[in-house]
Amino acid sequence: MMEFKLIAEYFDKLERITSRIQITSLLTDLFKKSDKAVIDKVVYIIQGKLWPDFYGYPEIGLGEKLMIKALSIGINVKEDVIDSELKKIGDLGEVAYRLKKSSGGTTILSFLGASSSSPLTVEEVYNSLSKIALAEGEGSRDVKIRSLAGLLKKADPLEAKFIIRFIDGRLRVGIGDATIMDALANAFGGGTHTRPIIERAYNLRADLGNIAKVVASEGIEALKNLKPEVGIPIRPMLAERLNDPVEILSKVGGQALVDYKYDGERAQIHKKGNDVYIFSRRLENITKQYPDVRDFVKDYVVADEVIVEGEIVAVDKESGEILPFQELMHRKRKNDIHEAVEDYPVNVYLFDLMYYNGEDYTLRPLPERRKKLEEIVKPNDKLHIAHHIFTDDVEKLKEYFYQAISEGAEGIMVKAVGRDSIYQAGARGFLWIKLKRDYQSEMADSVDLVVVGAFYGRGKRGGKLSSLLMAAYDPESDIFYTVCKVASGFSDAELDELQKKLTEIKLDSKDPRVESELDPDIWVKPKYVAEIIGAEITLSPQHTCCKGEVSKEAGLSIRFPRFIRWRDDKSVEEATTPQEILEMYKLKLKKKEEGSESETP
Ligand code: ATP
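All of these numbers come straight from a predicted model, not from anything done at the bench.

Q: Sorry, what's going on with the UniProt feature "active site" (unreviewed entry) in the protein here?
A: According to UniProt, the feature "active site" (unreviewed entry) maps to Lys261 in the numbering used here. Residue placement: Lys261 occurs in strand E2 (residues 256-261). Residue Lys261 is classed as buried on the basis of its relative accessible area, which comes to 13%. When neighbours within four sequence positions are excluded, Lys261 is seen to be in contact with Ala409, Glu410, Gly411, Ile412, Met413, Lys434 and Lys436.

Listed below in structure tokens is the structure:
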């Protein structure tokens with residue numbers, strides 16, 4: 001059993017000092033005096049919360065009005081008295097303290113030195129506060145007021161002050177995780193030299209209360225062997241950023257696993273039997289937002305217990321192609337989750353594995369982690385392993401970068417593969433280096449492009465020509481240069497009509513006026529012009545438009561192109577020219593640089 005008074009007294013002392021060393025030493029004392037059974041709760045309270053954020057439980061949220069009401073009941077003072085005190089002092093905790101102090105001395109029992117009831121325990125305070133936080137629905141307001149009033153009635157002045165401050169989110173102690181870890185190292189590890197052990201444990205289980213409990217009851221040695229636990233998120237490994245492919249490759253040791261960098265939401269996925277938890281980059285529990293992902297994991301990941309990581313990406317309903325981050329945002333804005341799942345389907349691209357059937361994988365090299373990841377994912381079309389290559393060749397790396405962006409990725413992640421290529425939980429380092437599409441240019445205007453070929457669709461559109469190879473027309477050379485493949489924006493009727501339209505102008509081989517590096521399923525005679533809009537103009541090695549103008553290896557393309565309408569009023573010779581596309585690209589690029597939002601070196 002631990003009295004809440006101890007915490008209140010330490011908070012009182014802590015408020016008066018600012019030196020980090022003194023704060024750490026006070027906290028060390030408090031931890032040493034704490035009951036091991038509730039030390040996790042002591043830590044949460046110091047952090048100003050009731051539980052780790054990843055529980056996804058509500059915060060305590062109790063408005064000032066309700067607090068005043070509870071205080072009024074708890075200390076038997078009229079609400080308007082409290083109100084006017086609050087106006088004078090400006091801090092309800094302090095008001096509670098003063099009122100409690102002036103009223104507390106008057107009872108006969110306390111006059112005789114006996115308290116009117118047993119002292120408040122940490123459990124009691126914690127349970128009441130939890131009840132206040134979790135009360136929901138009808139009658140919850142009364143439950144909240146009653147619980148708080150009960151606490152305040154029993155509390156001594158100092159306890160009342162800190163209970164109110166806690167609820168108010170106004171604990172002034174200002175103690176960060178780093179200080180708590182130092183104090184835990186002092187209290188249970190024999191000194192701050194054991195701090196790295198605590199920190200590593202915290203990175204593996206982002207729950208400082210849990211870590212405190214383990215170290216307090218089992219000692220520092222137990223932390224050394226601590227493994228991740230399904231249900232408690234691991235703090236994510238983060239990447240450095242560099243812009244020069246040569247430097248990037250040498251920085252990771254000359255050899256790399258190069259992944260597509262997907263533009264979606266990072267997801268850390270835990271599975272134990274049939275239970276699945278999904279945590280965001282910030283370690284919030286987002287499982288409810290992705291019931292579909294939960295099902296994919298249940299269906300396609302073969303493991304009793306596993307923690308993997310990947311990117312959740314919005315995909316085109318028909319073609320399955322990946323879509324920009326904004327699409328995922330649309331999904332998040334929907335209130336009805338079933339509708340959201342239906343209207344904005346997602347795929348997952350997995351890129352790491354940190355824990356598998358009782359084994360901590362974080363200290364194993366990346367190739368080993370990736371191999372295991374590949375082993376446990378059954379083939380399917382929802383949950384993929386991130387597209388990747390292994391390479392030690394800068395040219396290949398560059399090529400792969402362009403391929404990645406032309407397929408809708410944001411760039412690449414270049415990852416070390418040597419013996420030390422561990423999963424550095426909670427750290428940003430050069431084991432992972434991101435290379436984002438540096439030259440990008442937002443697209444404000446639509447363009448008019450010519451259909452020169454077509455591809456058959458997948459899925460629902462299987463067997464139908466549903467992706468068009470589009471080209472710009474250069475009147476000077478009389479050549480059509482390819483710009484993009486467009487597969488979205490067509491209505492069902494337009495799609496049906498398309499089959500007929502294209503079959504009529506089908507060619508046996510490429511029209512000699514077309515310059516293309518792609519080989520579509522069918523070639524067609526340049527005849528139809530379509531208006532196309534996209535997210536931005538970007539470099540791409542797959543397309544011939546303006547190749548050599550901006551980059552030796554790449555031409556200009558449109559990222560996430562959409563069909564708007566047919567431009568039957570335009571002849572193919574009136575289509576947008578490569579020169580115009582180049583100008584659009586440069587203009588936007590210049591604006592970006594002026595606005596210094598550019599990510600270029
Ligand atoms: P950071 O996460 O590094 O602080 P940030 O939040 O701005 O920066 P980015 O700069 O976009 O994010 O880059 C990192 C993110 O890229 C990761 O957090 C992850 O969500 C995403 N990502 C996409 N594909 C991969 C991949 N294959 N490997 C690792 N991360 C990937």
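The rest of the description comes next.
Q: How should I be thinking about a nonpolar patch on the surface in this particular structure?
A: A grouping of Tyr55, Tyr57 and Leu134 is seen on the molecular surface, where their side chains present a nonpolar patch of about 290 Å² in accessible area. Along the chain, Tyr57 falls in the loop between helix H3 (39-46) and helix H4 (64-75). Judged by its relative accessible area of 43%, Tyr57 falls in the partly exposed class.

Q: Even after reading the chapter, I still don't get helix H12 (residues 195-204), so can you show me in this structure?
A: Since one α-helical turn is 3.6 residues long, residues separated by three or four positions face the same way. If you check which residues of H12 are buried, you get Arg195, Ile198, Ala201, Tyr202, Asn203 and Leu204. Elements that come into contact with the buried residues of H12 comprise helix H11 (177-189), helix H13 (208-218), helix H14 (220-224) and strand E7 (359-360).

Q: Would you take a moment to explain the pattern of salt bridges for this structure?
A: Working definition: two side chains of opposite charge can pair if their charged atoms are close together. Inspection of every chain in the model, using the stated rule, returns 44 salt bridges. Residue Lys332 is joined to Glu265 by a salt bridge in which the shortest nitrogen-to-oxygen separation is 2.8 Å. One end of the pair, Lys332, is in helix H17 (residues 325-333); the other, Glu265, is in strand E3 (residues 265-272), and 67 residues separate them in sequence. Of the charged contacts in the structure, one is a salt bridge between Lys464 and Asp496, with a shortest N-O distance of 3.1 Å. Of the two residues, Lys464 sits in the loop between strand E13 (447-456) and strand E14 (465-474) while Asp496 sits in helix H21 (residues 492-504), which places them 32 residues apart along the sequence. On the basis of relative accessible area, Lys464 is assigned to the partly exposed category, the value being 31%. By relative accessible area, Asp496 is classed as partly exposed at 43%. Where salt bridges share partners, they join Glu15, Asp91, Glu94, Arg98, Lys161 and Arg165 into one cluster.

Criteria and thresholds
Residues numbered from 1 in each chain as written. Predicted model: local features only at pLDDT ≥ 70, side-chain atom pairs only at ≥ 80, totals over all residues. Heavy atoms only, no water. UniProt positions renumbered as here; feature names shortened; annotations may be inferred. Helix = DSSP H or I, 4+ residues; strand = E, 2+ residues; numbered from the N terminus. Buried < 20%, exposed > 50% of the residue type's maximum accessible area, 1.4 Å probe, protein only. Contact = heavy atoms within 4.5 Å. Patch = residues over 30% accessible without salt bridge, like charges linked within 9 Å, V, L, I, M, F, W, Y side chains within 5 Å. Areas by Shrake-Rupley, 256 points an atom, 1.4 Å probe, with all protein chains shown as cover. Salt bridge = Lys/Arg side-chain N within 4 Å of Asp/Glu carboxyl O.

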